[in-house]
Amino acid sequence: MTESVLSLPDKEYMLPGNRTCAGCSLGIAYRHILKALGESTIVTVPASCLTVLHGMYPITSVNIPCMNVTFPSTAAAAAGLVAGLKAIGKKGITVVGFAGDGGTHDIGIQALSGAAERNTDFIYICYDNEAYMNTGGQRSSSTPLGATTTTTPVLGKAQHQKDMPAIMAAHRVPYVATASSSYPLDLYEKVKKARDIMGTRFLYISTPCPPGWLFPPKDTVKIGRLAVETGMVVLYEIENGGFRLTGASERLAAKGSLRPVREYIELQGRFRHITKDQIEELQRWVDSRWEEYLARQTPRPPDYSTLQN
Ligand SMILES: Cc1ncc(C[n+]2csc(CCOP(=O)(O)OP(=O)(O)O)c2C)c(N)n1
Ligand code: SF4
Ligand SMILES: [Mg+2]
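Caption draft 1: Structural detail: the overall build of the protein chain. Scanning the protein chain for helices and strands turns up 12 helices and 8 strands. A compact globule built from 309 residues would reach a C-alpha radius of gyration of about 19 Å, and the protein chain, at 19 Å, matches this within 12%. Dimensions of the protein chain, computed from C-alpha atoms along their principal axes, come out at roughly 60 × 60 × 40 Å. Every one of the 309 residues in the protein chain was classed for burial, and the buried ones make up 46%.

Below, the structure written as structure tokens:
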């Protein structure tokens, strides 16, 4: 278990300077993910803010090989890479498909579902900034109820978020986990664990976006933490079917209470038009989901290293 950021590997795969907005949490998440994956890694990335982070030829801000692919084909291209590496006998390379919520929940879901059904030996990571941010902030199926976007400008989105990790868990892949850029050690540990498992591993990462969610760049980490503390984002892992809350969510479950959702939404301009009824509905949704997670908790295996003889 990594106890502090000071114990993380020194080697950096993100080079100094990149083109993301001030306060973008994607850079925080990506830096820790690449540290966990190490240098024998190839990523496939579709059009998204991650392409922006990578930079435009001849400049790059990332020190690992990357294949840029079309918007719907992240998982198909990554599966092709896995097959190609196998065909030429290359071993020990981790192939990662890495896309946004639009590129995963909506347009990339077909290729991802096909690859998961075949238990393709890769890691697929979805970072969720809850809209199509690279093209100006259009609604996605991961935008929360009541949030305004450029395509839900006045009343806000009328539907709840699609539960993508649950869809992936329904494929019965060996590992599904959720994480947040505001808890980088939890994220690092999950990526490291995923790296050493065979078959399809799916990670979902909540990544707050200051210009899209309309909060000041200095509050990125705070907003990400509030998402978890209010239960809007829940940290867990499903390993071979066993569900377990982790990190801050596990601590909240032990404490017995979440903070009210209102504390999270009142700090973000995207919820400026939300109605009283929508806030109540959002709270009801969070509470019922939380109860489901608590009921699904499987006990942690005993840690024999701490037992006295
Ligand atoms: C087939 C296709 N449709 C639309 C686009 C335009 N497009 C490029 S990036 C993007 C938004 C990506 O959203 P998401 O996957 O959530 O990543 P984010 O930009 O939020 O990081 C869109 C709509 C495209 N490149 N290809
Ligand atoms: S729009 Fe949001 S996710 Fe995209 S680079 Fe800017 S802060 Fe990051
Ligand atoms: Mg997005």
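The structure having been displayed, the exposition proceeds.
Caption draft 2: Structural context of the environment of S257. Within the element layout of this structure, S257 appears in the loop between α10 (247-255) and α11 (261-265). Separated by 27 residues in the primary sequence, S257 and T230 place their C-alpha atoms 8.9 Å from one another.

Caption draft 3: Quick peek at the packing of helix α1 (residues 25-37) against helix α7 (residues 184-195). Orientation of α1 relative to α7, taken along the N-to-C sense of each, is 35°, at an axis distance of 8 Å. The element α1 and its partner α7 pack so that their crossing is right-handed. Contact residues: α1 offers I28, A29, H32, I33, K35, A36 and L37, while α7 offers P184, L187, Y188, V191, K192 and R195. Across the contact of α1 with α7, the residue classes tally to 9 nonpolar, 1 polar and 3 charged.

Caption draft 4: Local environment of the nonpolar core. By size, the foremost hydrophobic cluster in this structure holds 77 residues, and its most contacted members are I33, A78, V96, I125, L203 and I205. In contact with I205, other than residues within four places in its own chain, are A29, I125, C126, Y127, D128, A179, S180, S181 and L187.

Caption draft 5: Structural view of the site of ligand 1. Taken together, 15 residues sit near ligand 1, with C49, G100, G102, G103 and N134 positioned nearest. Going through the elements one at a time, β3 (94-100) and α4 (101-106) are the ones with two or more residues in the shell around ligand 1. Considering each element in turn, the shell around ligand 1 owes the most residues, 3 residues, to α4. Grouping the constituent residues of the shell around ligand 1 by class yields 6 nonpolar, 8 polar and 1 charged.

Caption draft 6: Up close: the sheet that holds strand β7 (residues 236-239). The 8 strands lie next to each other as β2-β1-β3-β4-β6-β5-β7-β8, forming an open sheet whose pairing is mixed. The open sheet has two free edges, formed respectively by β2 (66-69) and β8 (242-245), since each of these has just one partner strand. Sheet twist, expressed as the average angle between the axes of neighbouring strands with direction ignored, equals 20°. The pairing of strand β5 (residues 175-180) with strand β6 (residues 201-206) spans 6 bridges and is classified as parallel. Counted as the bridge partner of S180 is S206 from β6.

Caption draft 7: Quick peek at the site of ligand 2. Taken together, T20, C21, C24, L26, C49, V52, N129, M133, C209, P210, P211 and G212 form the complete shell of residues around ligand 2. Among the elements of the structure, α2 (49-54) and α8 (210-213) are those that each provide at least two residues to the shell around ligand 2. Counting residues per element, the shell around ligand 2 draws most heavily on α8, which supplies 3 residues. The class makeup of the residues in the shell around ligand 2 is 9 nonpolar, 3 polar and no charged.

Caption draft 8: Structural context of the pairing of β8. Where β7 lies against β8, 4 bridges are found, and the strand directions are antiparallel. Bridged to E239 within β8 is G242.

Procedures and definitions
Residues numbered from 1 in each chain as written. Chains lettered and ligands numbered in written order. Predicted model: local features only at pLDDT ≥ 70, side-chain atom pairs only at ≥ 80, totals over all residues. Helix = DSSP H or I, 4+ residues; strand = E, 2+ residues; numbered from the N terminus. Rg over C-alpha atoms; globule rule 2.2 N^0.38 Å. Buried ≥ 20, exposed ≤ 12 C-beta atoms within 10 Å, placed from the backbone. Axes fitted to C-alpha atoms, helices over the stretch in contact; angles between N-to-C directions. Left-handed = near helix turned anticlockwise from the far one by under 90°. Contact = placed C-beta atoms within 7 Å. Nonpolar A, V, L, I, M, F, W, Y, C, P; charged D, E, K, R; others polar. Core = buried A, V, L, I, M, F, W, Y, C linked by C-beta atoms within 7 Å. Near = placed C-beta within 6 Å. Pairing = 2+ DSSP bridges.

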